[in-house]
Amino acid sequence: MMKLSLGPILWFWSKQTVFDFYAKAAEWPVDTVYLGETVCSRRRELKLADWLEIAGVLKDSGKQVVLSTQTLIESEADLRALRRICSQQEYLIEANDQSALQLATQNNLPFVTGPSMNIYNSATLKLLAKQGLKGWSLPVELGRETLRQLIGELDAEGLNLPAEVFAWGFLPLAWSSRCFTARHYNLPKDNCEFRCLQHPDGLELRSRESRELFRLNGTSTLSGARYDLMRQMPDMAQIGVSTVRLSPEHKGMDEVVRRFDQTRRGEAPATDPLQLVEAPPCNGYWFGNPGMDQLHI
Amino acid sequence: MELVCPAGSLPALKTAVDNGADAVYLGFKDSTNARQFAGLNFNDKRAGEGIEYAHRKGTRVFCAINTYPQPDGWETWKSAVDRAAALGVDAVILADMGLLEYAANRHPQVHRHLSVQGSATSYEALRFYKDNFDIRRAVLPRVLSIDQVRGVAEHSPVELEVFAFGSLCIMAEGRCYLSSYLTDESPNTRGACSPAKAVRWQETPDGLESRLNDVLIDRYGKGESAGYPTLCKGRFDVEGSVYHAIEEPVSLNTLDLLPELKRLGISAVKIEGRQRSPAYIADVARTWRQALDKLDAGSGDFHVDPVWNSTLAGLSEGGLTTIGAYHRKWK
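We now turn to the structure provided with this report. (Residues numbered from 1 in each chain as written. Chains lettered and ligands numbered in written order. Predicted model: local features only at pLDDT ≥ 70, side-chain atom pairs only at ≥ 80, totals over all residues.)

## Let's talk about helix H9 (residues 253–264) of chain A
All names here are of chain A.
Part 1 of the reasoning: For H9, which comprises 12 residues, the first-to-last C-alpha distance of 17 Å matches the rise-based estimate of 16 Å (1.5 Å per residue) to within 8%.
Part 2 of the reasoning: Along H9, the positions that sit buried rather than exposed are Met253, Val256, Val257, Phe260, Thr263 and Arg264. The arc enclosing the buried residues of H9, seen along the axis, measures out at 125 degrees, which places them on a common side.
Part 3 of the reasoning: Packed against the buried residues of H9 are strand E1 (3–6), strand E7 (163–175), helix H8 (233–239) and strand E11 (243–246).
Part 4 of the reasoning: Phi for Gly266, located one or two positions after H9, is positive at around 70 degrees. (Helix = DSSP H or I, 4+ residues; strand = E, 2+ residues; numbered from the N terminus. Expected span 1.5 Å × (residues − 1). Buried ≥ 20, exposed ≤ 12 C-beta atoms within 10 Å, placed from the backbone. Arc of directions from axis to C-beta. Contact = placed C-beta atoms within 7 Å.)

## A short note on the interface of chain B and chain A
Part 1 of the reasoning: Between chain B and chain A, the residue contacts involve 53 residues of the former and 53 residues of the latter.
Part 2 of the reasoning: At the level of elements, helix H4 (97–106), helix H5 (123–133), helix H6 (146–155), helix H7 (178–182), helix H8 (187–190), strand E10 (215–220) and strand E11 (236–238) of chain B are the ones that each hand at least two residues to the side of chain B that touches chain A.
Part 3 of the reasoning: The greatest single-element share of the side of chain B that touches chain A, amounting to 5 residues, is contributed by H5 of chain B.
Part 4 of the reasoning: For the side of chain B that touches chain A, a count of residues per class yields 28 nonpolar, 14 polar and 11 charged.
Part 5 of the reasoning: The sheet contact formed by strand E8 (residues 203–206) of chain A and E11 of chain B spans 2 bridges and is antiparallel. Looking across to E11 of chain B, one finds that Leu205 of chain A is bridged to Val238 of chain B. (Nonpolar A, V, L, I, M, F, W, Y, C, P; charged D, E, K, R; others polar. Pairing = 2+ DSSP bridges.)

## A word on the nonpolar core
If you look at soluble globular proteins, the nonpolar side chains tend to sit buried side by side.
Part 1 of the reasoning: Counting residues in hydrophobic clusters, the biggest one holds 194 residues, and the most contacted among them are Cys5, Ala16, Val24, Cys63, Ile65, Val92 and Ala138 of chain B.
Part 2 of the reasoning: Here this core gets 10 residues from one element, more than from any other, and that element is E7 of chain A.
Part 3 of the reasoning: Looking at which domains feed residues into this core, each of domain 1 (2–168 + 250–330) and domain 2 (178–243) of chain B gives three or more. (Core = buried A, V, L, I, M, F, W, Y, C linked by C-beta atoms within 7 Å. Domains from an automatic or database assignment.)

## Things to note about helix H2 (residues 48–60) of chain A
Working note: α-helix, 3.6 residues per turn, so residues spaced by three or four point in the same direction.
All names here are of chain A.
Part 1 of the reasoning: The end-to-end C-alpha separation of H2 is 18 Å, in line with the 18 Å expected for 13 residues at 1.5 Å each.
Part 2 of the reasoning: Taken together, the buried positions of H2 are Trp51, Ile54, Ala55 and Leu58. All buried residues of H2 project into a common sector of 105 degrees when viewed along the axis, lining one side. H2 presents Ala49 and Asp60 as exposed residues on the side facing more than 90 degrees away from its buried surface.
Part 3 of the reasoning: Residues of H2 that are buried in the fold lie against helix H1 (15–25), strand E2 (32–35) and strand E3 (64–68).
Part 4 of the reasoning: Remark: Gly62 follows H2 within two positions and exhibits a positive phi of approximately 90 degrees.

Below, the structure is given as structure tokens:
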């Protein structure tokens, strides 16, 4: 049976909200939980010790815990934070850039890669496997056909590298040193007043014809439509996907997890997950189309 | 510091060489490089002529093969590396880890430069690429501030090349999927951002509209100058205000930073724009050559000639330039 994972929280939530979220997640039927701040170094509601405390609770509930690293590493302070994550031995690391790859391999730590790591071919997978890669996420812009071929090429070489697919949530599409939330409020990034806290599911960016295009989330830009591959789960299982990733939202996540869990067990009719944060669905990337497209298959 | 200029065609290449480029960079006529434009780039014959011309005048030639091959394209990308090596380029500019490994094993004598598309923003990332693929040089993404560039440069295990002039990406290059979200092509997959095939212009009663795959990117009133609808430079609605919510249409210009870049030991400055005309390349290359020569004259009192800035502003998007993220307040 395919595994379910909870990706790292991409938004900026208060410390209490994060603790409450994972207290509930400990009871959900997810197999793996990714923890940590992956977007902005100014988001310091939780320290590493806090994340490790949450990790302990989740581990005791039988979850596999993975510590995710920041996607865009820019400063010595970012590297110090990364080194702290790479100096613990208890949890697997999700490397989200080559700085993390370097520190993980240098410390002989096993690691997995997140969807922002550019893995487009099996040559890349093979070389990372030699360095301790234990699993990988498909970049969000790639689809079924590429994944099927990649898994086929790995199988042909007898290489077992579990593949994970980002399957539900707003897609992380770009990272910048610039903060678009601060820009919206005419604030400098260095004095942003932590406005992201007011937008637990981002700031909607629409075209002047009111089409939802993107969600601004501090220094990152996400899709304006919600990626939803629930109906593709049987196909994913068939081509050999090992884990399906659900990206945390602050409302209704328990229900989303429940429906994906039922679907992987073949128990439920493939009804759509509740969408408590209103947004249109999309699934284009999976079919090799523009990501924003919604195909009815 | 070396001046590295773009060459989207043989005439552009010759112009860059004649106007003082220390090196030029080019790509093949397919999606193996990040400037896949119709009518642009080189087949093997033209590349051979260009390389011969450049080498005769003491200019080096780099070949960009800096998109990410998927299983279907692997043979094509591998063969692009082989072709570049056979043509005698001085370096290949690569981003994909699998392809870097292939080039390092198969053609160890051809220098490898890490493309900006390889997204290395720290010296630890550079060490990864150096240790694994023995890269000689890396092009830094345009997201770093000058202080951050200093931090990288102090510990860098390889030569560094930074962007000096041209179009400005404000997202970390190599990890921006905005274009494939709206169209079916991105820099990583097809070497195209906001591809021309998806662009549509339309005069309407409300003004001139630019669309990308039918999505309204901008609408221009009378007297407003319209720019190419690169999707991050459009005007959008966020909570009821319509503005350049991601980025203004401006160009990067780092002339003012040259003395600092030299102090930091940066090896080369790079001009963006393989899609530009030979006339553009001539003006830009000549201006930067003059600036670098003045800098190297070494009297210590380098200042930017106002003529250089006005020349460059005239060639820039919207006539505006910025030093971009190099200036931290800009964020």
